[in-house]
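Working through the structure, step by step
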Amino acid sequence: MIEKTEKIWMDGRLVNWDDATVHVLTHTLHYGLGVFEGIRCYKTPKGPAIFRLKEHVHRLFDSAYIFQIEIPFSKDEIEAAIVNCVRVNGLQECYIRPFVYIGYGAMGIYSKGNPINVSISAWAWGSYLGEDGVKNGIRVKTSSFIRNHVNSNMSRGKISGYYVNSQLAKREAIGMGFDEALLLDTEGYVSEGAGENIFIVRNGAIKTTPLTSILEGITRDSVMNIALDEKIPLEEKRFTRDELYISDEAFFTGTAAEVTPIREVDSRAIGTGKPGRITKRIQEIFFDSVHGLVDKYNSWLTYI
């Protein structure tokens, strides 16, 4: 359950948590066209710090632009509102959800003239895939559902309605006793998790799905930077499900998932069935970085 905080930012003002409501005929509620971000704030020796705030806000505006939604605030205003939302709620570590949605007005698929509303919420949220999963790895099932074709949806946008596909995959995986789902693309190559990007390690080198039909993950980009700085060979290249099976290591990345090892896929152990050396090294540097312990990556943090 979400841990309730004091205030939520809505359209330029802070309102009490219980008063942050919308009309039942809000357009996005019915048709799914809204854009959002998931952002984390971490506790550091210098106080709470938001991880890659500018990049997340930039992606929020990119998502809106793709779908011709004009956000009625500037990037600077949204960034300031996010910082203020964390500050007024007195949070040291939290998850932050900026949400841009088409409001109450005309009904029907075409929503010309409806207001564009923006909310920003923040609350304490632990590891999305569980503390044990982060430490020991998770079990993953390849879904019978596939990622949407690039001509049926636009993959660069982080759109509310897209996650119906993810929910179907996740429900299926959980129902079969697994922790998370893996989706293939329309040509049968590995795409991404229900809410995460994926990396594999073979023979000391990292491979991750290219940006052909996946969301351009900000944690993904951070991990790629860490790998390159650590001089670990890395390439963006498509790979198949059976190449994943015979990889030495695998892991998911994402704002919610952070860096979560994969120990099993489709009842096949990945490598030794435990988080591997490279995964643990990437994970260690990532968590040290977001907690303000690596000077090299201090620019990733916006201190409150």
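Keep in mind that this is a model prediction, so the values were computed, not measured.

1. Re the overall build of the chain
Along the chain, the regular secondary structure elements total eight helices and 17 strands. Computed over its C-alpha atoms, the radius of gyration of the chain comes to 19 Å, within 12% of the 19 Å expected for a compact globule of 304 residues. Viewed in the frame of its principal axes, the chain has a C-alpha envelope of about 55 × 45 × 30 Å. Buried positions account for 52% of the 304 residues belonging to the chain. In the chain, 70% of the contacts between residues at least 6 apart in sequence involve partners at least 24 apart. On the chain, roughly 14300 Å² of surface is accessible, and the fraction owed to carbon and sulfur atoms is 51%. Across the chain, the centroid of the 35 positively charged side chains sits 2 Å from that of the 38 negatively charged ones.

2. Comments concerning the domain arrangement of the chain
According to the domain assignment, the chain contains domain 1 (7–123) and domain 2 (131–291). Inter-centroid distance (C-alpha atoms) of domain 1 to domain 2 is 26 Å. If you look at the interface, domain 1 gives 24 residues, while domain 2 gives 22 residues. Here domain 1 packs against domain 2, burying approximately 1900 Å² in sum over the two surfaces, 62% of which is carbon and sulfur. Linking domain 1 to domain 2 there are two salt bridges. A salt bridge links arginine 52 to aspartate 221; the shortest N-O distance between them is 2.8 Å. If you list the elements that add at least two residues to the side of domain 1 that touches domain 2, you get β3 (34–36), β4 (39–44), α2 (53–66) and β6 (94–102). Residue composition of the side of domain 1 that touches domain 2, grouped by class: 11 nonpolar, six polar and seven charged.

Calculation rules
- Residues numbered from 1 in each chain as written.
- Predicted model: local features only at pLDDT ≥ 70, side-chain atom pairs only at ≥ 80, totals over all residues.
- Heavy atoms only, no water.
- Helix = DSSP H or I, 4+ residues; strand = E, 2+ residues; numbered from the N terminus.
- Rg over C-alpha atoms; globule rule 2.2 N^0.38 Å.
- Buried < 20%, exposed > 50% of the residue type's maximum accessible area, 1.4 Å probe, protein only.
- Contact = heavy atoms within 4.5 Å.
- Areas by Shrake-Rupley, 256 points an atom, 1.4 Å probe, with all protein chains shown as cover.
- Lys, Arg positive; Asp, Glu negative; His and termini not counted.
- Charge placed at Lys NZ, Arg CZ, Asp CG, Glu CD.
- Domains from an automatic or database assignment.
- Buried area = accessible area lost by both parts, 1.4 Å probe.
- Salt bridge = Lys/Arg side-chain N within 4 Å of Asp/Glu carboxyl O.
- Nonpolar A, V, L, I, M, F, W, Y, C, P; charged D, E, K, R; others polar.

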